[in-house]
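Observations on the three-dimensional arrangement
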Amino acid sequence: MRIWIVAILLCCSSVFGDDLLSTLRKEHPRLLVLADDFPKAKQNVMRDPRAGVYYKQIVSDCAKFLAQKPVTRGQGEMLNTSRTAFGRITFLAALYRMDGDPRFAQRARQEMLAAAKFPDWNPPHFLDTAEMTAAMAIGYDWLFDALSPEDRATIRTAIIEKGLNPGLAAYKSGEWWTKVDYNWANVCSGGLALGALAIADEEPDLARQVLETTRHAMDKPLKTLAPDGGCLEGPAYWDYGTRYTVFYLAALQTALGNDLGMDTTPGLDKTGFFRIYTNGPTDKAFNFADSSEFAGIASQMFWLAHRFNQPAFAISEREYAAKWGDAFHLLWWNDQGTTLTDAKLPLDAIFRKANVATFRGAWDDPGTFYVGFKGGDNTANHSHLDLGSFVLDAFAQRWAIDLGSDNYSLPDYFGKLRFSYYRTRTEGHNTLVIDDQNQDSKMSAPIVAFSSSPERAFAVADMSAAYHWRTSRVVRGIELLNRSTIVVEDEVETPKPVKVQWNLHTPAQIKIAADKLSADLTLGGQNLSVKILSPADAQFDIISAAQPKPQNENKGIQNLIVSLSQKTTKVRIIVVFASKRVIDNVKDVPPLDDWIKQGALNDAQSH
């Protein structure tokens, strides 16, 4: 153990200098916010009704917490327990710091002492440990003056023995999560760093070890944000990972006065745009991978807006979290900017690392057209076999949906059975299924062309590698014409005849025309027309998306497919979406080679 620690200290000395803790703020609070930030938050409540929403929520929830028992430790994983403790402790401690009512400090104390008595914080599933460490660290720091010396010792010992020591042991032994570059790295590093900084003046040697170790672990997921802040894991895990990244950076800033230069990581200053662009006008996310349609709240957007002077981040978060939030929405409150229209953001964006493109008709209009389109990487963490998939919003409805994740408790959901489930298989997504087979789980689909103009915006993804066992070329292009019409064009070439099926999962009612070349969709009192332009022998059909339990049954969802009359070696499938009034305006669609020539990408192009 001693040799390992010395090695870390030596390799990190050039990064951190002689003493990482030489600038440590001695007084509490020093994590994420400082003492003056609590009265400032209360002033914001009095000045701005939008901030007052969060204060009222905190007051209401804390009143309920007073009547509830502290968390308990059940068997097995305890991630929900850690998150419950985190929410309660941060709400109660924040309200105590703002209003001074000792009842809330006492209730938070009970929560922390209960967690401190747990035999462990479930280190085999270290997310549980990391999130509980974060909760306890914030409570210890924000309530330091309200805790007795005995309480502090109990909580500090728990942070060390149940959080920091198991974390260091895991890094020493090389546990799998210590080597990854996705959300586990962000959360585990962030939670442990909060624990270290909370007790750094009392346990400086241990704190240095934790900070030096987590600095290198956090560097891995940060590097994946280059060049433009996109996330291969999808919007839900963007939220989870960046939340703890921001906890990490913000805590370094408040506790040490600097973040060790980590905020200069390429893409970090832009990553809030990924959240903005992957949220559609229906307030639903482009939920590829194991993501939910619910965009959720992301108070880290306020911190990122402050740090990188990006008013659009604050505008977006105020809109999505207008009715509820967490304690950090109030403590990091940001009133920059007015509307996304006024922010003059481009309507279209591409995220090169994630191979995701989005297009929309307007900002601040819930009825506008929107399409989220992905190439992607089937090897990415939480990925589905969904290369080429898309979602589509129009007239304030989501017509083409991504079904999202299934239950994580399904047998071997993250193992060898993962791609046996409908929601993770290729057929469960709005993409092509060839010869009834899944895409290759080891392949990716780069976006090879992108263009944005008022009259026409498009992207093209080369999916050939995903179907290499049957085809020689599979390319998909999606375009938004005149901000009110969406065209999906696929080109498939194969050495031998194959069956090609085009999928569209929708909650809409579907009425297929007699010739089966067009259909009317009805949803939420709105209508959208869809039409096949090519090939001549194609037709629409409806097949069920229903699945047997224990899988999600996909109630209310149908799969509108385009099928061909026979197997083929070469085909162009062109499908148009628009209102009935304008759908017949699209007649001639150029081949995808023309799209690629017009929008060929270079390394500098991204949002």
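On a predicted model such as this, the values are computed, not experimentally measured, just so you know.

**Remarks on the overall build of the protein chain**
- Along the protein chain, the regular secondary structure elements total 15 helices and 20 strands.
- Rg of the C-alpha trace for the protein chain: 26 Å, near the compact-globule value of 25 Å for 607 residues, within the 12% margin.
- If one aligns the C-alpha atoms of the protein chain with their principal axes, the spans along those axes are about 80 × 55 × 45 Å.
- For the protein chain, buried positions account for 60% of its 607 residues.

**Quick look at helix α15 (residues 592-599)**
- Residues of α15 that are buried include every one of Leu-592, Trp-595 and Gly-599, and no others. Angularly, the buried residues of α15 cover 50° about the axis, an arc narrow enough to put them on a single face.
- In this structure, the buried side of α15 is in contact with β9 (447-452), β10 (456-462), β11 (473-481) and β12 (485-498).

**A short note on helix α9 (residues 204-223)**
- In this model, α9 (20 residues) spans 28 Å end to end at C-alpha, consistent with the 28 Å of a helix rising 1.5 Å per residue.
- Buried residues dominate α9, accounting for 15 of its 20 residues.

**Here's the deal with the packing of helix α6 (residues 126-142) against helix α8 (residues 183-198)**
- Their axes nearest at 8 Å, the elements α6 and α8 cross at an angle of 30°. Judged by the inter-axis angle, α6 sits roughly parallel to α8. Classified by chirality, the crossing of α8 by α6 is left-handed. Taking contact as the criterion, the partners of Phe-126, Leu-127, Ala-130, Glu-131, Thr-133, Ala-134, Ala-137, Ile-138 and Tyr-140 in α6 are, on α8, Trp-184, Val-187, Cys-188, Gly-191, Leu-192, Leu-194, Gly-195 and Ala-198.
- Partitioning the contact of α6 with α8 into residue classes produces 13 nonpolar, 3 polar and 1 charged.

**Overview of the side chain of Arg-398**
- Here Arg-398 lies in strand β6 (residues 397-400).
- One polar contact links the side chain of Arg-398 to the main-chain carbonyl oxygen of Lys-284, over a distance of 3.2 Å.
- Within the structure, the side chain of Arg-398 is placed 2.6 Å from the side chain of Asp-393, a separation counted as a polar contact.

**Overview of the sheet that holds strand β2 (residues 356-360)**
- If you trace the 5 strands from one edge of the open sheet to the other, you get β1-β2-β3-β5-β6, paired in antiparallel fashion. With partners counted over all chains shown, the strands left at the sheet margins are β1 (349-351) and β6, one partner each. Pairwise comparison of adjacent strand axes, ignoring direction, gives a mean angle of 15° for this sheet.
- As paired elements, β2 and strand β3 (residues 370-374) share 5 bridges and run antiparallel to each other. In the sheet register, Ala-357 faces β3, and the bridge partner there is Phe-373.

About the criteria used
Residues numbered from 1 in each chain as written. Predicted model: local features only at pLDDT ≥ 70, side-chain atom pairs only at ≥ 80, totals over all residues. Heavy atoms only, no water. Helix = DSSP H or I, 4+ residues; strand = E, 2+ residues; numbered from the N terminus. Rg over C-alpha atoms; globule rule 2.2 N^0.38 Å. Buried < 20%, exposed > 50% of the residue type's maximum accessible area, 1.4 Å probe, protein only. Arc of directions from axis to C-beta. Contact = heavy atoms within 4.5 Å. Expected span 1.5 Å × (residues − 1). Axes fitted to C-alpha atoms, helices over the stretch in contact; angles between N-to-C directions. Parallel < 35°, antiparallel > 145°, perpendicular 65-115°, else oblique. Left-handed = near helix turned anticlockwise from the far one by under 90°. Nonpolar A, V, L, I, M, F, W, Y, C, P; charged D, E, K, R; others polar. Polar contact = N/O pair within 3.5 Å; in protein donor to acceptor, adjacent residues only side chain to side chain. Pairing = 2+ DSSP bridges.

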